[in-house]
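Observations on the three-dimensional arrangement
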2 protein chains.
Amino acid sequence: MIKIAIDAMGGDYAPQAIVAGAELARDASQNDVEYILFGDQQQIEPLVKNQEHIQIVHADEVIEMDDEPVRAVNKKKRASLVLAAQAVRDGEADLLLSAGNTGALMVAGLLIIGRMRGISRPGLIVTLPVVDNDQGFTMIDAGANADAKVENVLQYAQLGKLYSQLVRKIDNPRIGLINNGTEPDKGDVNHRKMYEELEKMGQAGELNFIGNVEARDLLHNVTDVAVTDGFTGNAALKGIEGSALAVVNMIKDSINDGGIREKLGGLLLKPALKQIAQKMDYTRYGGSVLLGLKAPVIKTHGNSNAKTIFYALQSAAEVANSNLVHGIAMQFHADQQQK
Amino acid sequence: MIKIAIDAMGGDYAPQAIVAGAELARDASQNDVEYILFGDQQQIEPLVKNQEHIQIVHADEVIEMDDEPVRAVNKKKRASLVLAAQAVRDGEADLLLSAGNTGALMVAGLLIIGRMRGISRPGLIVTLPVVDNDQGFTMIDAGANADAKVENVLQYAQLGKLYSQLVRKIDNPRIGLINNGTEPDKGDVNHRKMYEELEKMGQAGELNFIGNVEARDLLHNVTDVAVTDGFTGNAALKGIEGSALAVVNMIKDSINDGGIREKLGGLLLKPALKQIAQKMDYTRYGGSVLLGLKAPVIKTHGNSNAKTIFYALQSAAEVANSNLVHGIAMQFHADQQQK
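Calculation criteria
Residues numbered from 1 in each chain as written. Chains lettered and ligands numbered in written order. Predicted model: local features only at pLDDT ≥ 70, side-chain atom pairs only at ≥ 80, totals over all residues. Heavy atoms only, no water. UniProt positions renumbered as here; feature names shortened; annotations may be inferred. Pairing = 2+ DSSP bridges. Helix = DSSP H or I, 4+ residues; strand = E, 2+ residues; numbered from the N terminus. Axes fitted to C-alpha atoms, helices over the stretch in contact; angles between N-to-C directions. Contact = heavy atoms within 4.5 Å. Domains from an automatic or database assignment. Buried area = accessible area lost by both parts, 1.4 Å probe. Salt bridge = Lys/Arg side-chain N within 4 Å of Asp/Glu carboxyl O. Polar contact = N/O pair within 3.5 Å; in protein donor to acceptor, adjacent residues only side chain to side chain.

Chain A goes by Phosphate acyltransferase in an unreviewed UniProt entry, where it is assigned to Fructilactobacillus cliffordii. What the UniProt record of chain A gives under Function (unreviewed entry) is the line "Catalyzes the reversible formation of acyl-phosphate (acyl-PO(4)) from acyl-[acyl-carrier-protein] (acyl-ACP). This enzyme utilizes acyl-ACP as fatty acyl donor, but not acyl-CoA."

Residue and element names in this part refer to chain A. In spatial order, the strands read β3-β2-β1-β4-β11-β10-β5-β6-β9-β7-β8; together these 11 strands make up an open sheet with mixed pairing. Two strands bound the open sheet, and with one partner strand each, they are β3 (54-58) and β8 (208-213). For this sheet, the mean angle separating the axes of adjacent strands, direction not counted, is 25 degrees. Here strand β7 (residues 174-178) runs beside strand β9 (residues 225-227); their pairing, made up of 3 bridges, is parallel. Within the sheet, the bridge partner assigned to L177 lies in β9 and is V227. Its contacts with the sheet place helix α7 (residues 189-203) against β7 and β8, and it is angled at close to 155 degrees to β8.

A few words now on the domain arrangement of chain A. Residue and element names in this part refer to chain A. Once the domains are mapped, chain A shows domain 1 (1-119 + 292-339) and domain 2 (121-286). Across the contact, 23 residues belong to domain 1 and 15 residues belong to domain 2. Counting the surface domain 1 buries against domain 2, the share from its top three residues, M106, Y311 and L324, is 27%. Where domain 1 touches domain 2, the interface holds 0 salt bridges. Inspection of the region where domain 1 meets domain 2 yields 1 residue pair in polar contact (both at pLDDT 80 or more).

This part covers the side chain of T232 of chain B. With respect to the element layout, T232 of chain B can be found in helix α8 (residues 230-256). A distance of 2.7 Å separates the side chain of T232 of chain B from the side chain of D229 of chain B, its partner in a polar contact. Apart from the residues lying within four places of it in its own chain, the contact partners of T232 of chain B are F231 and A235 of chain A together with I178 and H191 of chain B.

Written out as structure tokens, the structure is:
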């Protein structure tokens, strides 16, 4: 039985959306997942329609969106997030999920759950859609670590490979390095070094390194894993997100502000546009996963609604079922023994 | 009389598109611009329909797209790009424009035209559309310099300010720093330092620093100038470009591959979609300008057609008319005297 520790008080629509999402996930699951909701019992209990496979653990503090992460995790010892992380640390749950303060979630992951042996900086992996198929690609690090060293990025490549194999079931995932051009000599000093080292790992058969990839091509299925330092990854990801949304909104606006012609056209194209919007809807891809901790930590958008939480919990169950933590431990344990 | 030195052999559709673009620009101008086409006279001459304000300077070598930039500029001494850059250096033209090999253009700018005194690394400035108005915003450095130091980025802020004032006629342009969050403490070590220094410059009244901006918001008019190191700028820019194009293409595909319903809807929405496509069409924004040289160098896309060249030449004339080079020289000359 998989157990997911959920910060029921985190996110703009908590606890309502979190509880509703957990119930949706429970209804869709094979009764093999237990959802443990951490938060204010008085608020949460009346929201639960059916208590099957749902537990509530009372927590009378909440870490707010604008709380300073390290301070909040250290001081608010009875916060829902802190208690949920402790449950994971103590083996009472397999992984942690929150839609709350991202920084605090990472700090709780690092300080309470703890890093896995052999990994110096955990990385955030997100799955994004591509235009050409329904599978999408993953990016790691999407922004956990702004000051990445070459060594960190090489570990992200390995983490991305394992995630793709074990969770996404891609046999021999393509690993590309986000860079400012596709030629091998592109990039700043660090990225040229990363390329060199990744190429060596490729030649040694450790991973399927396909070379540099550009942010512009990511939505066109150029790679299964886009490896990057967290600062660049964040910029590329936010550029992609912002621009896709801007175009979709411009189309909506021109339909809404238009005359009969635009409105009729919009009506006729509605199913097609809806399909595109669904394809580009990152929330369906289940949130981002912080990898490299003793247990995975899953972050969903602050504005997650019940459906977003539902997808994220499905994805969480897949991660828990995938034996990913074991796979990562084996890889990095073996690496350490070699050294 | 403004004189523009044009590499007529650079770009996928050279020399046809370059010549046609120059004639379009000439026809639309007030007879105050001279277009000097550098390239193979035998190829170019028959393409020119009307020689008014158009000169041809023969060059019997061409730098190809895949030539190694430094080597090509040094070895191909009779290349169209090299001769055009020499004309600018010698005062025979006011600025240089090419749709060819970007690296070679930058190398020609640095080695032949030369850096302006006081500027350590030139920066590439591009103008992009925003959703909310027709003015757009500029990003500097969009990718000239992958290994930027804090000092370089502070100069980009000043260059961006001067460009916005003198060329784009924005009185007191907002200067934002691209970072991985809007809070002052965001970013890696370098970006935190950049923030600090930009804030000081803002407090000293040297520029209107509005703080950090995120790549996701750039298309929503959050700033007039987005300052960034060239590596991050490149990733953000390519993310934005790639994603906007991907969404537009998905819509086109679903109309083309759809049934009667989608085709009719597409037909009705055609003017609205065309307007959006035009708004997002970066080629209308006149190419990117390498700032910090003794004369501006303008780069347009390799796949530029006559219309792209036309826009870029209009933009080039605006830059030449704006007295930008003088403004930059004054600013950085004064800076140096203070030190």
